[in-house]
Amino acid sequence: MKIFAANWKLHKNPKETREFFAEFLKQVSPVADREIVFFPSTICLEATSQSLSSSKIKWGAQNCYYEAKGAFTGETSAQTVKDLGGQSVLIGHSERRAIFTETDELIAKKVSFIQGLGLTPLLCLGETLAQREAGETLKVLSQQLQTGLSKADKTKSLVIAYEPVWAIGTGRIATSAQVQEAHAAVFQNIQKLGFSSATAILYGGSVKPENSKELLAIPHVDGFLVGGASLEVASFKAICQS
Ligand code: 13P
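Predicted model, so just to flag it, every value in this text is computed and none were measured. (Residues numbered from 1 in each chain as written. Predicted model: local features only at pLDDT ≥ 70, side-chain atom pairs only at ≥ 80, totals over all residues. Heavy atoms only, no water.)

Novice: Describe the layout of surface pockets, naming the residues involved and giving the relevant values.
Specialist: The calculated volume of the largest pocket comes to roughly 450 Å³. Together, 16 residues line the largest pocket, and L10, Q62, N63, R96 and F100 are the ones closest to its centre. With three residues, helix α4 (residues 94–99) is the largest single contributor of residues to the lining of the largest pocket. Looking at side-chain class alone, the lining of the largest pocket contains four nonpolar, eight polar and four charged residues. Its boundaries defined by the atoms lining it, the second largest pocket holds a volume of some 300 Å³. In this structure, the second largest pocket is lined by 19 residues; those nearest its centre are I3, E35, T120, V159 and A200. In terms of residues, the lining of the second largest pocket owes the most to one element, strand β2 (residues 34–39), which gives three residues. (1 Å grid on protein atoms, 1.4 Å probe; cavity = no way out; pocket = protein on both sides within 12 Å on 5 of 7 lines; lining within 4 Å. Points joined across faces, edges and corners; volume = space filled by probe spheres on them. Helix = DSSP H or I, 4+ residues; strand = E, 2+ residues; numbered from the N terminus. Nonpolar A, V, L, I, M, F, W, Y, C, P; charged D, E, K, R; others polar.)

Below, the structure written as structure tokens:
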């Protein structure tokens, strides 16, 4: 199974969301062993739910809180994502970590809460350029996995995305050797922590139609988490078909 996930970040309004899906559904039919998942911004989730209700394409939110409801102004309820028909929530994206100061401990609570609802957390990890240059990449990944998954249920579904921070939105793609080393390390860590060896590990960071085929051939690369290139039907379609 390969997974092609689109992280739209804070792009598109509900009208643009509906227009995208009307075109995408015309051009792309789901194929066996290939799953497509969209992560639109929170305010576009209802338009997404309606657009995809009769398709096999999955969707989810880009973040959530670790409570279903209450006095948590400005947060997103994973319970509401579930009620609308969503299956997944992105957790710990590097922009959440860097701009919104999310820690591995907070991320662990969210992972556990999402699994408890029967949804799939898509846990994002990755080193900064400074950490890579200091030779700390594998240590950072191991730490993010160990703490981020410390409250996770090993019997429930989970997806990991390795996204080197320096490759996100920069056009600077990690080399095949760097991706291979990081994915192998994530795979080993997941096994060591007792999670299923079938846990999918996606790669993210400047994935484009031009590099997706080569990246997908790397061992333990089970799909992609795509930012910029997922905003246009043509480029995301090409990646999904790589
Ligand atoms: P880009 O594909 O735009 O580099 O973004 C990657 C990303 O952050 C996906 O979550």
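Novice: Break down the pairing of β2 for me, with residues and values.
Specialist: Counting buried positions along β2 gives five out of six residues, so the element sits mostly inside the fold. Pairing of strand β1 (residues 2–7) with β2, which is carried by six bridges, proceeds in the parallel orientation. From the neighbouring strand, K2 faces β2, where its bridge partner is R34. Note on the crossover from β1 through helix α1 (residues 14–27) to β2: the handedness is right-handed. Pairing analysis gives two bridges linking β2 to strand β3 (residues 58–61), with the strands arranged parallel. (Buried < 20%, exposed > 50% of the residue type's maximum accessible area, 1.4 Å probe, protein only. Pairing = 2+ DSSP bridges. Right-handed = clockwise from strand over helix to strand, strands pointing away.)

Novice: So, the pairing of strand β4 (residues 88–91): which residues are in play, and what are the values?
Specialist: The side-chain alternation of β4 yields two buried faces, one formed by S88 and L90 and the other by V89 and I91. Bridging between β3 and β4 involves two bridges; their strand directions are parallel. Within β4, the position partnered with G60 by the bridge is S88. In the classification by handedness, the crossover that spans β3, the intervening helix α3 (residues 78–83) and the parallel β4 is right-handed.

Novice: Residue-level account of helix α8 (residues 176–192), with values.
Specialist: For α8, which comprises 17 residues, the first-to-last C-alpha distance of 24 Å matches the rise-based estimate of 24 Å (1.5 Å per residue) to within 8%. Those residues of α8 lying buried are V179, A182, H183, A185, V186, F187, N189 and I190. Each element contacted by the buried residues of α8 is listed here: β5 (120–125), α7 (137–148), β6 (159–162), β7 (200–204) and α9 (212–216). A positive backbone phi angle near 95° is found at G194, which sits one or two residues after α8. (Expected span 1.5 Å × (residues − 1). Contact = heavy atoms within 4.5 Å.)

Novice: Describe the sheet that holds β5, naming the residues involved and giving the relevant values.
Specialist: With parallel pairing, eight strands are arranged side by side around a closed barrel as β1-β2-β3-β4-β5-β6-β7-β8. Pairs of neighbouring strands in the sheet enclose a mean axial angle of 25°, with direction left out of account. The sheet contacts of helix α2 (residues 45–52) involve β2 and β3, and relative to β3 the element is tilted by about 170°. Lying over the sheet, α8 contacts β5, β6 and β7, oriented at roughly 150° with respect to β7. (Axes fitted to C-alpha atoms, helices over the stretch in contact; angles between N-to-C directions.)

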